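Inside the fold
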Amino acid sequence: MYPIGIAEKQQADPRRRYSVTDVRKRHSVAIVGAGAAGALTAVQLCETAHRRRTALDLVLIDPAPEAGRGTAYATRDPRHRLNVPAGNMSAYPDDPGHFVRWLCRHGEPTVTGTDFATRYRYGAYLADTLGQALVRAHGTVAVRRLRTRAQSCTGTPDGRVELHLADGGHLLADGAVLATGPAGATAGWAPPALRTSPRFIAAPWSPGALDAVRESPDDVLLVGTGLTAVDLALTLDRPGRTLHALSRSGLLPQPHALGPAGAMPAPEGLDDTSLGRLRRAVYRHVSRSVRTHGDWRPGLDSLRPHTARLWRSLTPEEREEFLAREGALWNTHRHRMAPATAEHVSRARTARRLHVHTGTVLRATESEDGSLAVELSNGQVTRVGWVIDCTGPGRSLDSPLWQALFGSGLAVPGPLGMGAATRDGQLLDARGRAEAPLFTLGAPRRGELWETTAIPEIRVQAAELAQRLLPLPRRGRGSRRPVDGHGLPLSTHAEAAAAYRSGLGRVLKVRSGAEDAFARAVALDPGFALGHAALALLGHECAAAVDVPRALADAQRAARERSDERERSFVAVVTRRVTGDDGDEALVRHLREHPGDALALAAAVPTIAFSGVSDLHDDDALGLLELTSPAYDGHWFHTSLLAFLRQEEGRLYEAGELAHRALAAEPASGHAVHALAHVHYESGAHRAGRDWLDGWVSGRGRGAVHRAHFSWHIALHELALDDPAAVRRRWFTQLAPGRVRGLRALVDSGSLLWRARLSDSWDGELPTADVLDSVAREVLERPATAFTALHAAVALTAAGDLPALHRLRDHAAGADPVQREVIAPLCEALAALVEERFHEAARGLDALLPVLRRVGGSAAQREVVEETLLYALVAAGRCDAARRLLDTRLDRKPAPRDRRLRAALPS
């Protein structure tokens, strides 16, 4: 289903002159062409206008029935696949995983970035992405779709453009983007007798062009051996038919590698060089790639970011020489087949249903039976029923619109006659000036950029055009900005700031509704960088229902356009935490510069809401609180964090006093309640702690966002009191999946089950399957943080899922340093436990105890590893070591369960 206003047919009225500013002055843009390039441009314009709150009238002009497909993505043949992996086909240059996530949400949950989706599926993605962009921009962007063609274009005295439409209508706009795609094939290679033959198909992608060929059993000659010929070979291949493919080079596209082949930097010596020196440098570089990786692909792929610059550095003569000598070689290696496509082609060639020839067509003679005898330059004569032009786009833009622009001087052909000449996408006129508001992208810029027809290049150009077409609105001088709850200015308006303050307050109190409040803030102001960043942070660290990469990309776009230094710094911090790129160090630096940033401080100190900075020791954390203390002046939030850190230090009495002080100022402070829960647990006051916290959870704690975690704390008291019946009752009434979802089910419900099993406090089968089913597989096997990874490892161990535990280990080994150095060996030790290699498990777990705090979280949470070690020691028969460990635990805090376990050890 396609969005209203996009798929519906709208015709221009030839009796009137259209203007997209009829009602009131709004910025207006017309996009000629609604294929991939036009759809990507429309997406960027919608989102830029929405973010900047710029009223925009947008008109899409294209006779096609659906927006987003064009010729490339209209094919319904499921064998026609993208020639670029899904991970490189996002519509957004700053959100590379967007297409993969879309596929996962639309019936392909196991797809990865290395898979090759069908072309038709990608067309649906583009249409849906455009539809979603229009929905988000509703009220800011008004869109119309004209199902016609633009025939010509003229300038107006007031600096706008007027498009003349094929149905007789006219359209005035402030600017126009010509997203017309590649030039059509000219069939200039074909002898006149062949061009006029009914057996010659010049435009194979036209609707119905191949119907007769499909029904015919006759052999087929495909003139061209590029990707078009490959797709048609897949469509027309059948038993009993022979396909012939012909080109001057006789080269088919190379296949993509079956898996990642590695990466390498571009070679040195690419600047200020002639074609000869450049040729030698590239060949040496590709040879080095083969020696290093066993594959030429990493070497060639490393040139992609530099291709346009290198092309521009060549003289016209060198460009012509490159096209003549290396053009075919470049294209067949640069534009590759999907592995499945290559396998199909290989099978067809092995079965001799596909023959590849080198040469050109000299002449064609039609026989009495209607077949064609085609004479090739290599001396062969091939008898076929059909000849299909697969030579691909021509150099010259030959549509009526482009010819009219060239004829009027509003545009001139590009270098070597390819495409149109532009200055950063704006058309150059006959005087060499970029004055008219006419722009283009993609294939028409081929003469200027060479590599410009693939989605990764087009999406960047679309984003750049949106920035140019919709300039940033000017901010009023002297206007006061609203502030957050701690006096820091916010780059937004009052209504969005109020929603942000509500969300921030809920985060600091550990109350539910923060995600909704931040979402409301960015809905009120889509250009509010901090709102998007806060959502990304909650999604990443708290498993909130947020599309984290999308929120992060929105935050980055908004920060570039409208934010102060503190806001940009916070967006950078969240970005680095999400990507694992020294996010902890960036967060600490941010707090040194901006000590009053409460959300940053909440993320830095490991508490109930966030896992904190991984390598932050108690002294470091206290140093942060001392550093930020003047900015808070005894505020209950700061006091609550200090209470939590004091109990982590073992200063339990002081921690309790601080927690009570914070609760006196703000009875809803979840951080203070959390600190007090730890004080009771670590001091061994299990009965008092259970009763007090149980009363709070059923009272003020009803609105706590992490209510399950407080229930987990109560269950820890019940475990320590050796009351298995109470533990089971607590789990089923407050911690079972259905009552708890997502990350909290993993961290609290899953770990409690394992701890109950370790201490013989759970009879019967553990309901770990329910916990695992409530958590996304990606969270279990590819967690974003070490803290989540720890609890994923525990839950998988409880389930005895050895294969998943190994996948988690493999992920951790390639993730951030904490996962690599702590979680990966933890998975190894737990795998040994599952396999009942108890001595090995005990050694591995014991070695990890000193570094376990790097994972984040609290000592009570990390204690699950110590309890697992105790179980391994007993199972390995190392009772003396188990007794020493239990004595240490009982010295820390008394617990009836530990006394029972110690008494059960053989003397």
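Reference entry: report on the structure contained in this document. The model shown is predicted, which means the values in this text are computed figures rather than measured ones.

Moving on to helix α29 (residues 724-735). By the burial criterion, the buried members of α29 are Ala726, Val727, Arg730, Trp731 and Leu735. Down the axis of α29, the sector holding all buried residues measures 135 degrees, keeping them to one side. Looking at the buried side of α29, the elements it contacts are α27 (686-697), α28 (707-720), α30 (742-758) and α31 (768-773).

The parallel open sheet is built from five strands, whose spatial order is β9-β16-β10-β11-β12. Two strands in the sheet have a free side with no partner beyond their single neighbour: β9 (200-201) and β12 (354-358). Sheet topology note: the strand β10 (residues 220-223)/strand β11 (residues 243-247) ladder contains four bridges and is parallel. Along β11, the bridge assignment pairs Leu221 with His244. Sitting on the sheet, helix α6 (residues 227-236) touches β10, β11 and β16 (386-389), and the angle it makes with β10 is about 165 degrees.

Turning our eyes to something else, we now look at the environment of Cys879. Considering the arrangement of structural elements, one finds Cys879 in helix α38 (residues 879-892). Of the residues examined, Cys879 reaches a relative accessible area of 17% and is grouped as buried. Separated by 270 residues in sequence, Cys879 and Ala609 have C-alpha atoms that sit 38 Å apart. The residues contacting Cys879, other than those within four sequence positions of it, are Leu905 and Pro906.

Right, let's talk about a positive patch on the surface for a bit. Together, Arg277, Arg280, Arg284, Arg288 and Arg291 make up a region of like positive charge exposed at the surface. Following the sequence through the fold, Arg284 ends up in helix α7 (residues 275-293).

With that settled, consider the packing of aromatic side chains. Describing an aromatic ring pair means giving the distance of the ring centres and the angle of the ring planes. Tallied over the entire structure, the rule returns 20 aromatic pairs. Taking 5.8 Å as the distance between ring centres and 75 degrees as the angle between the ring planes, the aromatic pair formed by Trp189 and Phe200 counts as edge-to-face. Of this pair, Trp189 sits in the loop between β8 (175-178) and α4 (192-195) while Phe200 sits in strand β9, and the two are 11 residues apart along the sequence. A relative accessible area of 10% places Phe200 in the buried class. Taking 5.4 Å as the distance between ring centres and 70 degrees as the angle between the ring planes, the aromatic pair formed by Tyr500 and Phe528 counts as edge-to-face. Residue Tyr500 is found in helix α16 (residues 494-509), and its partner Phe528 is found in the loop between α17 (514-524) and α18 (529-542); the two are separated by 28 residues along the sequence. Neither residue differs from the other here; Tyr500 and Phe528 are each classed as buried. Taken together, the ring pairs in this structure connect Tyr73, Phe99, Trp102, Tyr122 and Tyr125 into an aromatic cluster. Its guanidinium or amino end placed over the ring of Trp205, Arg119 lies 5.6 Å from that ring's centre, counting from NZ or CZ. In this structure, Arg728 is placed above the aromatic ring of Trp762, and the distance from its NZ or CZ to the ring centre is 4.5 Å.

What counts, and at which threshold
Residues numbered from 1 in each chain as written. Predicted model: local features only at pLDDT ≥ 70, side-chain atom pairs only at ≥ 80, totals over all residues. Heavy atoms only, no water. Buried < 20%, exposed > 50% of the residue type's maximum accessible area, 1.4 Å probe, protein only. Helix = DSSP H or I, 4+ residues; strand = E, 2+ residues; numbered from the N terminus. Arc of directions from axis to C-beta. Contact = heavy atoms within 4.5 Å. Pairing = 2+ DSSP bridges. Axes fitted to C-alpha atoms, helices over the stretch in contact; angles between N-to-C directions. Patch = residues over 30% accessible without salt bridge, like charges linked within 9 Å, V, L, I, M, F, W, Y side chains within 5 Å. Areas by Shrake-Rupley, 256 points an atom, 1.4 Å probe, with all protein chains shown as cover. Salt bridge = Lys/Arg side-chain N within 4 Å of Asp/Glu carboxyl O. Lys, Arg positive; Asp, Glu negative; His and termini not counted. Charge placed at Lys NZ, Arg CZ, Asp CG, Glu CD. Phe/Tyr/Trp six-rings, centres within 6.5 Å; stacked < 30°, edge-to-face > 60°. Lys NZ or Arg CZ within 6 Å of the ring centre and 35° of its normal.

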